[in-house]
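Geometric and topological summary
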Amino acid sequence: MALSCTFNRYLLLMAQEHLEFRLPEIKSLLSLFGGQFASSQETYGKSPFWILSIPSEDIARNLMKRTVCAKSIFELWGHGQSPEELYSSLKNYPVEKMVPFLHSDSTYKIKIHTFNKTLTQEEKIKRIDALEFLPFEGKVNLKKPQHVFSVLEDYGLDPNCIPENPHNIYFGRWIADGQRELIESYSVKKRHFIGNTSMDAGLSFIMANHGKVKENDIVFDPFVGTGGLLIACAHFGAYVYGTDIDYNTVHGLGKATRKNQKWRGPDENIRANLRQYGLEKHYLDVLVSDASKPSWRKGTYFDAIITDPPYGIRESTRRTGSQKEIPKGIEKWEKCPESHIPVSLSYRLSDMFLDLLNFAAETLVLGGRLVYWLPVYTPEYTEEMVPWHPCLELISNCEQKLSSHTSRRLITMEKVKKFENRDQYSHLLSDHFLPYQGHNSFREKYFSGVTKRIAKEEKSTQE
Ligand SMILES: C[S@@+](CC[C@H](N)C(=O)[O-])C[C@H]1O[C@@H](n2cnc3c(N)ncnc32)[C@H](O)[C@@H]1O
């Protein structure tokens, strides 16, 4: 992709966690704020240092107000594979772009950041002294500088093979930090109302970012549980709504999840969770409802559907219905008399994802996103298994390992076509329909043989 000369170069310092989720997060946020990614970016892979070309510092700042995958962003003034290369690159950086930050009335500080190596104080000072050729005219202020500059040295990814000299050295002006602190401040450990499957705070924010959730959006979670995903979306300014088949979860009743507490206390519910974070005004409602039988009138209501359906590991995959399996089809709701008392049937994973995609295709606005987790048995996984829909384009598919043989994949899709009635059956013609059928036995596979032991260990460490 040819980048116009109005684009400036920025250096993103990425967190070394959830590696696969980082690129889709940054891409989604850039598209939200009107930025653009240099295509060569795809090659940065596991490195924490990414060079971005974006048209304005405002876009860089907006990006950092949202990202949980990036730690900091710098305006890149120079880059090289040796100190000499860095210095010559800095000498070529236009002086007029430096001067506003180096003039005599300003204060500044230079920091040294290394990845995969620790430097002594003496080595750090040497690096700072070597930058004397830059036209710094302001005063050093270590406590409250107006401008912070950083030298960032990259010693590669292998902790068992740390090179003498860095592979890459960067110099830049610090612009802003990302939202890593949200992972701590929204931690499930300190949350008022939680359940066995409450979504981790960091992943909830990543999901909201993949979904391009923005201020005043309406976001829906059809498998809402304790509302972990709604909290992240509300934090980004969306109005949130959810449903769950479990009456106790929706009403905050029943057994408590925390060890030292037997029953859930009063006001343990999703609304109170939002209140805990000052987000109550973003609460629309939560209802008891079965995702296999959506009760919505036809229409496009949601800007995003962000959800974590059950996999049957710690919660069952159930749906309401009569003992006689009703064949899938348009008349199935009409076959249930009003007096019918629903019984619980098992809800096959493949049907659940089919229903979810159809529901999203029908109720999302054009350009709206569906973000959900797809559990897979890794030895059998192929990309063809990812459910498909003619109205939804696959944007990203990132793996998170659950055990040696199982993982879940974070799937992001965007609505690209208006829903027509015939679209709900297109899966039958798709190559993607049959392959996922095998995953209906995901639960047995998860708890079989080796995975049984690992799953137990994982469960006990999370409790
Ligand atoms: C993985 S949990 C969601 C956890 C949630 N993200 C949180 O942070 O608490 C899945 C939820 O789906 C609900 N569920 C299962 N089958 C359902 C159905 N047919 N319709 C709606 N909800 C269902 C379960 O009761 C459970 O609360």
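Numbers given for residues are sequential positions, taken from 1 along each chain in its written order. Since the coordinates come from a predicted model, pLDDT governs what is reported: local features require at least 70, and pairs of side-chain atoms require 80 or more to be given and counted, while whole-chain, interface and lining totals use all residues. By convention in this description, side-chain values take in all heavy atoms of the structure and omit both hydrogens and water.

Per an unreviewed UniProt entry, the protein is named tRNA (guanine(10)-N(2))-methyltransferase TRMT11, and its organism is Nomascus leucogenys. UniProt positions are given in the numbering used here, feature names are shortened, and annotations may be inferred rather than shown by experiment. Turning to the protein, the UniProt record has this under Subunit (unreviewed entry): "Part of the heterodimeric TRMT11-TRM112 methyltransferase complex; this complex forms an active tRNA methyltransferase, where TRMT112 acts as an activator of the catalytic subunit TRMT11." UniProt, in the comment section headed Subcellular location (unreviewed entry), describes the protein in these words: "Cytoplasm".

A few words now on the pattern of salt bridges. Pairing is possible between side chains of opposite charge, provided their charged atoms come close. Salt-bridge detection follows one rule: a side-chain nitrogen of Lys or Arg within 4 Å of a carboxyl oxygen of Asp or Glu. Inspection of every chain in the model, using the stated rule, returns 18 salt bridges. Linking glutamate 17 and arginine 180 is a salt bridge whose minimum nitrogen-to-oxygen distance equals 2.9 Å. Pair noted here: glutamate 17 is in the loop between β1 (8-14) and α1 (19-33) and arginine 180 is in the loop between β7 (168-177) and α6 (181-185), with a separation of 163 residues, a long-range link. Exposure classes here rest on a 1.4 Å probe applied to the protein chains alone. A residue is buried below 20% of its type maximum, exposed above 50%, and partly exposed in between. For arginine 180, a relative accessible area of 27% translates into the label partly exposed. Several salt bridges share partner residues, and in doing so they unite Glu57, Arg61, Glu75 and Arg173 into one network. Put simply, DSSP marks the helices as runs of H or I at least four residues long and the strands as runs of E at least two long, and each gets a number from the N terminus on.

What follows concerns unusual backbone geometry. The backbone phi angle of histidine 18 is positive, close to 45°, even though this residue is not glycine. With respect to the helices and strands, the residue histidine 18 is situated in the loop between β1 and α1. Residue classification places histidine 18 among the partly exposed residues on the basis of a relative accessible area of 22%. Phi is positive for asparagine 216, close to 70°, though the residue is something other than glycine. With respect to the helices and strands, the residue asparagine 216 is situated in the loop between α7 (201-210) and β8 (218-221).

With that settled, consider the pairing of β7. With eight of its 10 residues buried, β7 lies for the most part within the structure. Looking at chain direction, strand β3 (residues 70-80) and β7 are connected through eight bridges and run antiparallel. Looking at the pairing, glycine 78 lines up with phenylalanine 171 of β7. Strand direction decides the pairing type here: strand β6 (residues 147-154) and β7, joined by six bridges, are antiparallel. Bridge pairing in β7 links leucine 152 to tyrosine 170. At least two DSSP bridges between two strands are needed for those strands to be called paired.

Here we take up the sheet that holds strand β2 (residues 49-54). Strands sit in the order β2-β1-β3-β7-β6-β4-β5 across an open sheet of seven strands; the sheet is mixed. The two strands at the open ends of the sheet, each matched to only one other strand, are β2 and β5 (139-140). Taken together, the eight bridges between strand β4 (residues 107-115) and β6 define a ladder with parallel strand orientation. Residue pairing across strands places phenylalanine 115 opposite aspartate 154, the latter belonging to β6. Most of the contacts of α1 go to β2, to which it runs at about 15°, and overall it touches β1, β2 and β3. Docked against the sheet, helix α2 (residues 57-64) engages β1, β2, β3 and β7, running at close to 145° with respect to β3. Any two residues whose heavy atoms approach within 4.5 Å are treated as being in contact. The angle between two axes is taken between their N-to-C directions and runs from 0 to 180 degrees, where each axis is a line fitted to C-alpha atoms and a helix contributes only its stretch in contact.

With that out of the way, let us pick up a nonpolar patch on the surface. Like-charged residues are merged into a patch within 9 Å and nonpolar side chains (Val, Leu, Ile, Met, Phe, Trp, Tyr) within 5 Å, provided each residue has over 30% relative accessible area and no salt bridge. Computed by Shrake-Rupley with a 1.4 Å probe, the accessible areas treat only the displayed protein chains as cover when residues are assessed. Together, Tyr247, Leu253 and Val288 give the surface a local cluster of nonpolar side chains, amounting to about 270 Å² of exposed area. We classify leucine 253 as partly exposed; its relative accessible area is 39%.

On to the sheet that holds β8. What the seven strands build is an open sheet, ordered β10-β9-β8-β11-β14-β16-β15; its pairing is mixed. Two strands in the sheet have a free side with no partner beyond their single neighbour: β10 (283-288) and β15 (392-401). Between one strand and the next, the sheet's axes are offset by a mean angle of 15°, whatever the strand orientation. The sheet contact formed by strand β9 (residues 239-244) and β10 spans five bridges and is parallel. Within β10, the position partnered with glycine 242 by the bridge is valine 286. Running at roughly 145° to β15, α1 makes contact with β14 (364-377), β15 and β16 (406-415) of the sheet. Contacts from helix α11 (residues 349-363) reach β8, β11 (302-307), β14, β15 and β16, with the element oriented near 170° to β14.

Note on ring pairs: Phe, Tyr and Trp rings are taken, using the six-membered ring of Trp, and paired if centres are within 6.5 Å. Classes follow the plane angle, with under 30 degrees stacked, over 60 edge-to-face and the rest tilted. Taken as a whole and judged by the stated rule, the model has 25 aromatic pairs. Their ring planes at 55° and their centres at 5.7 Å tell us that phenylalanine 220 and phenylalanine 359 sit as a pair that is tilted. Here phenylalanine 220 is found in strand β8, whereas its partner phenylalanine 359 is found in helix α11, with 139 residues between them in sequence. By relative accessible area, which is 10% here, phenylalanine 359 ends up buried. Members of the aromatic cluster, each reached through a chain of ring pairs, are Trp77, Tyr93, Phe101, Tyr108, Phe136, Phe149 and Phe171. Placement of a charge over a ring requires the Lys NZ or Arg CZ to be within 6 Å of the ring centre, with the centre-to-atom vector within 35 degrees of the ring normal. In this structure, arginine 173 packs its charged tip against the face of phenylalanine 101, placed 3.6 Å from the ring centre.

Before going further, it helps to examine the nonpolar core. Ranked by internal contacts, the top residues of the largest apolar core, which has 88 residues, are Leu12, Ile73 and Leu370. Beyond its immediate stretch of four places on either side in the chain, leucine 12 contacts Ile26, Pro48, Phe49, Trp50, Leu52, Leu63, Met64, Ala70, Ser72 and Ile73. Only buried Ala, Val, Leu, Ile, Met, Phe, Trp, Tyr and Cys residues count toward a nonpolar core, and they belong to the same one when joined by side-chain atoms within 4.5 Å. With 19 residues, the next largest nonpolar core counts Tyr93, Ile110, Phe149 and Tyr155 among its residues.

A few words on the packing of α7 against helix α8 (residues 228-235). Working note: a packed helix pair is described by the angle between its axes plus the distance between those axes. Between α7 and α8, the shortest axis-to-axis distance is 8 Å and the interhelical angle comes to 60°. Considering the angle they form, α7 stands oblique to α8. By crossing handedness, the relation of α7 to α8 is classed as right-handed. Residues Ser204, Phe205, Met207 and Ala208 of α7 form the contact with α8, whose own contacting residues are Gly228, Leu229, Ala232, Cys233 and His235. For this classification, the nonpolar set comprises Ala, Val, Leu, Ile, Met, Phe, Trp, Tyr, Cys and Pro, the charged set comprises Asp, Glu, Lys and Arg, and every other residue, Gly included, is treated as polar. Each residue belonging to the contact of α7 with α8 can be placed in one class, and the counts come to six nonpolar, three polar and no charged. Put simply, angles under 35 degrees are roughly parallel, angles over 145 are roughly antiparallel, angles from 65 to 115 are roughly perpendicular, and the rest are oblique. Throughout, a crossing is termed right-handed when the near helix is turned clockwise from the far one, and left-handed when it is turned anticlockwise from it by less than a right angle.

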